[in-house]
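Listed below, chain by chain, are the residues.
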Amino acid sequence: MPTAKVSNLAPDVQPRRRRLVITARAAASFDPLGRSVAAARAFVRDTLQGWGFADIVDDAVVLTSELVTNAVVHAGTRAEVLCLRAEDGVRVEVADRYPERELPLQHPGERPYADPDRENGRGLMLCAALATRWGVEYTATHKHVWFRLDLPDRPVGTRSAGPIVPDQLLPLADSRVRVAVLQIDSGDAISAWNEDAEHVFGFSAEKVIGRPLAELAAWPQTPGTGTGIAEALRLSRWEGSYGIRGADGRVIPVYASHLRVRDAHGEPSIVCLLVHDDERALLQTPVRIPTTDSGHLTESRPDPFEVFIGSPAPDDLDGLLQRTVERARDLLDADSAFLLLATDDETELEVRATTGLPSTRQRFARVPVEAGTSRYGSARMPAVHDDLTAVPGAVPLLESTGMRSVVTVPLKVEGRLTGSLGVAAEVPGRYSNAEALRLQFAADRIALAVESARLGELERLRRGSLSFLVEASDLLAGTLDRDQTLALMAQMTVPTLATWCAVYTIADQASDPYLSYVLHEDEERIDGLKALLSRVSAPEPVREAGARPWQEAASAVGGETVVLPLLARNRVIGMLTLGKPSEEHFRQEILELAEDLSRRAALALDNARLYSERTAISRSLQRSLLPPGYPAIPGMEVEVIYRAAGEGNEVGGDFYDVFPIRDGAYGFAIGDVCGTGPEAAAVTGLARHALRLLAREGLGGPAVLERLNAAILDEGARSRFLTLLYGELHPQPDGGALMKVVCAGHPLPLRLSPDGQVTPAAEPQPLLGVIEDLDLYEQTLSLAPGDVLLCVTDGVTERREGSRMLGDDGLAEVLTTCTGLTAGAVASRVLRAVERFAAEPASDDMAILAFRVPHQREGS
């Protein structure tokens with residue numbers, strides 16, 4: 001049968017043919033269950049990470065999640081996922097077994113099939129937005145939706161000579177260049193640590209050898225900004241920035257180059273070269289210089305951007321911004337420099353890179369674009385300040401830094417303000433308009449590259465955030481336990497979004513917020529943080545969405561603290577509090593992501609609350625249907641075992657009761673209402689209370705059951721038929737017992753004699769709840785010392801294993817082995833026999849009631 005295909009290109013991709021050369025493949029199938037979506041995401045993520053495709057993992061996970069959801073949730077069929085690796089990208093196919101579910105035809109005037117307001121087609125909409133190519137293919141047995149993601153063009157590992165640049169533009173380094181050399185064994189533990197590593201990080205080799213690198217590495221945690229350390233250590237080669245926590249506790253930014261090698265015995269290990277991040281030019285792989293066909297370097301005029309930034313330019317935004325401020329500082333022989341990026345609405349500037357300043361303290365802090373009415377108060381124009389002491393607050397970023405003179409210039413792209421670049425000196429009067437012009441010339445050369453890198457970072461953050469929220473929603477939806485939901489909320493924010501997190505909950509509108517959960521990325525600081533927050537008044541519950549500062553906690557704990565309301569079903573049910581240390585600030589993108597997460601977490605927390613409340617109510621009501629206990633009957637042993645079928649059920653359709661009627665007389669009952677669950681439990685409550693009331697009115701057994709039958713029939717449509725064994729027990733002075741029983745449709749009671757004989761102790765009569773007129777009669781039996789009377793429900797006799805059933809004969813056979821046992825031992829042996837009869841858990845309610853007359857010497 002020919003294959004039908006529907007193919008599409010992403011809107012910004014020009015049609016081009018690439019021959020897909022498959023170098024590896026991985027496949028998995030997933031059952032039509034909700035949890036299969038998370039399993040499929042994990043499969044694709046692990047596969048692509050293993051192939052070294054970290055750059056496209058987030059997009060692939062999001063697309064796979066949507067397509068597998070369509071298959072296993074909406075189509076209700078198995079999903080087959082196939083990953084194909086090529087040299088320049090990956091192709092992922094998701095197949096289901098509904099080939100007849102074709103794409104809907106597009107008619108004039110209709111919404112497109114990938115409209116976000118429709119329930120179907122959203123996976124195709126994401127394919128169109130994220131994939132390089134995508135399509136749908138139909139065969140006789142399957143429907144395949146596929147997408148292709150190309151790797152970004154990043155020439156890693158190439159070699160070339162850089163252009164000739166003036167000496168003053170060469171990268172800066174310490175007078176004694178130190179390159180830390182680490183070796184990591186196959187267990188990810190440090191096996192070698194050179195002298196330069198001891199000097200740079202402050203640890204001696206004896207302190208770190210044998211420890212996992214992950215204990216020292218402060219890896220980037222913002223979604224979408226980097227590969228995890230575990231993944232990086234599995235790649236054959238890796239370059240990038242991260243932090244190492246030094247002996248003094250400070251995080252030291254480094255630039256690293258990892259190479260995976262094998263030793264003489266064939267064991268893999270990783271050699272890591274690390275330098276200070278501002279010396280990254282020592283290790284960073286340069287880009288390839290274009291060559292002619294003959295292999296000689298082409299002659300071209302130096303690019304002004306590369307002359308200013310240096311070649312090669314950093315390929316990440318943070319690296320580019322840091323290099324920019326370092327070059328600006330050197331260009332004007334300044335003591336410090338800073339670069340701020342404008343928000344989308346151009347009303348604020350966010351600090352993104354500094355040098356010569358307490359940069360970590362100011363990172364991501366915000367200042368207004370328009371700080372005054374004069375041209376010197378606007379970041380849209382160049383400005384020169386001869387002495388900041390004469391105009392306090394003119395440049396808030398430089399307050400209390402010792403800087404006196406400063407020049408700032410705007411970064412603009414097509415007339416739109418995108419940022420601000422400034423340099424400062426510790427002496428007054430250092431700069432004039434001439435220096436401002438030189439700095440503006442440099443800013444104009446880098447503005448477009450900075451904006452392009454910023455947009456790329458925002459896109460990576462957006463895609464990483466989407467993947468983060470998809471997995472977070474899946475985790476939150478997987479539990480209805482309140483405590484587990486609180487723990488998940490905190491674990492998803494720390495350390496991904498914040499350094500620490502505290503969750504406050506509000507029981508009801510009249511209650512004060514309660515500190516329910518605290519988490520810190522450093523486990524040793526959790527108790528101290530909890531103690532500090534306990535001494536601070538809880539944040540005020542506010543219905544307004546979005547993050548707001550919480551100064552009280554910031555003063556007590558230190559650093560920046562924000563509070564987000566947990567809103568669910570039009571009320572505030574708590575607050576999510578996030579904190580960072582004093583040297584860091586929250587980015588707006590992170591706060592927006594936290595706000596989105598808080599909405600999902602609030603609904604999950606409220607669902608857990610409602611489930612807990614309803615479960616508590618259900619258990620309370622069920623317990624009210626159980627007898628409060630059974631009395632001690634002189635001269636008799638009594639034992640009851642009760643098991644309700646179904647998770648969370650304490651009462652079902654089976655019931656029992658033993659109660660005093662009058663002096664020397666006791667009533668007992670064991671019954672089975674048709675069905676299980678709450679509906680059957682309601683009838684058991686009616687029956688048990690009616691039996692007690694009628695028996696204490698002095699009615700005999702037949703009269704009691706006839707009136708109960710009438711009460712059940714009065715329930716109308718809610719009535720259910722009922723089998724019931726009811727009797728009266730009269731202990732005798734000689735040590736025996738007299739019983740009067742009525743067996744209305746119930747399994748017959750069995751009598752065990754001391755000689756091991758088992759006989760039925762009653763005759764069957766009509767069950768209750770079916771017909772109005774019943775002709776019931778009472779039977780009398782005597783129990784002698786050593787006799788046992790066993791009463792059970794059909795959950796015991798109808799226990800099944802395949803086509804086998806325990807039955808009345810099987811129960812009698814078990815009872816014959818109970819000669820000489822106490823009533824408790826008899827009931828326990830019957831229960832064990834029922835449980836061992838089949839491997840599967842019991843699907844029906846079960847009640848066991850055992851009476852035994854002990855010998856006089858046993859009671860003495």
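Residues numbered from 1 in each chain as written. Predicted model: local features only at pLDDT ≥ 70, side-chain atom pairs only at ≥ 80, totals over all residues. Heavy atoms only, no water.

Novice: How should a negative patch on the surface be read in this particular structure?
Specialist: Where like charges cluster on the molecular surface, the negative patch consists of Glu521, Asp522, Glu523 and Glu524. With respect to the element layout, Glu523 can be found in the loop between strand S20 (514–520) and helix H12 (526–534). (Patch = residues over 30% accessible without salt bridge, like charges linked within 9 Å, V, L, I, M, F, W, Y side chains within 5 Å. Areas by Shrake-Rupley, 256 points an atom, 1.4 Å probe, with all protein chains shown as cover. Salt bridge = Lys/Arg side-chain N within 4 Å of Asp/Glu carboxyl O. Lys, Arg positive; Asp, Glu negative; His and termini not counted. Charge placed at Lys NZ, Arg CZ, Asp CG, Glu CD. Helix = DSSP H or I, 4+ residues; strand = E, 2+ residues; numbered from the N terminus.)

Novice: Please clarify how unusual backbone geometry should be interpreted in this entry.
Specialist: Leaving glycine out, the prevailing phi sign among residues is negative, and the prevailing peptide bond configuration is trans. Along the chain, Val494 connects to Pro495 via a cis peptide bond; the corresponding omega equals 0 degrees. With respect to the element layout, Pro495 can be found in the loop between helix H11 (482–493) and strand S19 (500–505). For Asn570, which is not glycine, the phi torsion reads 65 degrees and is therefore positive. Within the element layout of this structure, Asn570 appears in the loop between strand S22 (560–568) and strand S23 (571–580). A relative accessible area of 69% places Asn570 in the exposed class. (Buried < 20%, exposed > 50% of the residue type's maximum accessible area, 1.4 Å probe, protein only.)

Novice: Explanation requested: the packing of helix H1 (residues 36–50) against helix H2 (residues 57–74) in the structure shown.
Specialist: Where H1 contacts H2, the two axes come as close as 9 Å, and the packing angle between them is 150 degrees. By the angle between their directions, the pair H1 and H2 is classed as roughly antiparallel. Crossing of H1 over H2 shows right-handed handedness. Listed contacts from H2 to Ser36, Val37, Ala40, Arg41, Val44, Arg45, Leu48 and Gln49 of H1 are Val57, Asp58, Ala60, Val61, Thr64, Ser65, Val68, Thr69, Val72 and Val73. Class assignment for the residues of the contact of H1 with H2 results in ten nonpolar, five polar and three charged. (Axes fitted to C-alpha atoms, helices over the stretch in contact; angles between N-to-C directions. Parallel < 35°, antiparallel > 145°, perpendicular 65-115°, else oblique. Left-handed = near helix turned anticlockwise from the far one by under 90°. Contact = heavy atoms within 4.5 Å. Nonpolar A, V, L, I, M, F, W, Y, C, P; charged D, E, K, R; others polar.)

Novice: In this structure, what is going on with the sheet that holds strand S29 (residues 750–752)? I would like to understand it.
Specialist: Two pairing modes exist for strands in a sheet, parallel and antiparallel, and in both the strands are linked by backbone hydrogen bonds. Taken in spatial order, the five strands line up as S24-S35-S32-S29-S30 in an open sheet, and their pairing is antiparallel. Single-partner strands in this sheet number two, and they are strand S24 (637–643) and strand S30 (758–760). In this sheet, adjacent strand axes meet at a mean angle of 20 degrees when their direction is disregarded. Of the pairings in the sheet, the one linking S29 to S30 comprises three bridges and is antiparallel in character. Pairing of Leu752 across the sheet is with Val758, part of S30. Relative to S24, helix H19 (residues 823–837) is tilted by about 25 degrees, and along the sheet it contacts S24, strand S32 (788–792) and strand S35 (846–852). (Pairing = 2+ DSSP bridges.)

Novice: Is there a simple way to explain H1 in this structure?
Specialist: Since the α-helix turns once every 3.6 residues, residues separated by three or four places project in the same direction. Taking 1.5 Å of rise per residue, the 15 residues of H1 would be expected to cover 21 Å, and the 21 Å separating its terminal C-alpha atoms lies within 8% of that figure. Turning to H1, its buried residues are Ser36, Val37, Ala40, Arg41, Phe43, Val44, Thr47, Leu48 and Gln49. Check the buried side of H1 and you find it contacts strand S2 (24–30), H2, strand S3 (79–86), strand S4 (89–96), helix H6 (229–232) and helix H10 (433–477). Positive phi shows up at Gly52, right after H1, with a value of about 80 degrees. (Expected span 1.5 Å × (residues − 1).)

Novice: I would appreciate a short explanation of the pairing of strand S11 (residues 251–262) in the present structure.
Specialist: Where a strand is regular, its side chains alternate between the two sheet faces. One ladder, built from nine bridges, connects strand S10 (residues 237–245) with S11; its direction is antiparallel. Residue Arg237 lies in a different strand from S11, and its bridge partner there is Leu259. Here S10 folds back onto S11, and the loop between the two strands holds five residues, one of which, Gly249, carries a positive phi near 90 degrees. With nine bridges joining them, S11 and strand S12 (residues 268–276) adopt antiparallel strand pairing. Within S12, the position partnered with Val254 by the bridge is His276. Adjacent in sequence and paired antiparallel, S11 and S12 are bridged by five residues, among which Gly266 carries a positive phi angle near 85 degrees.

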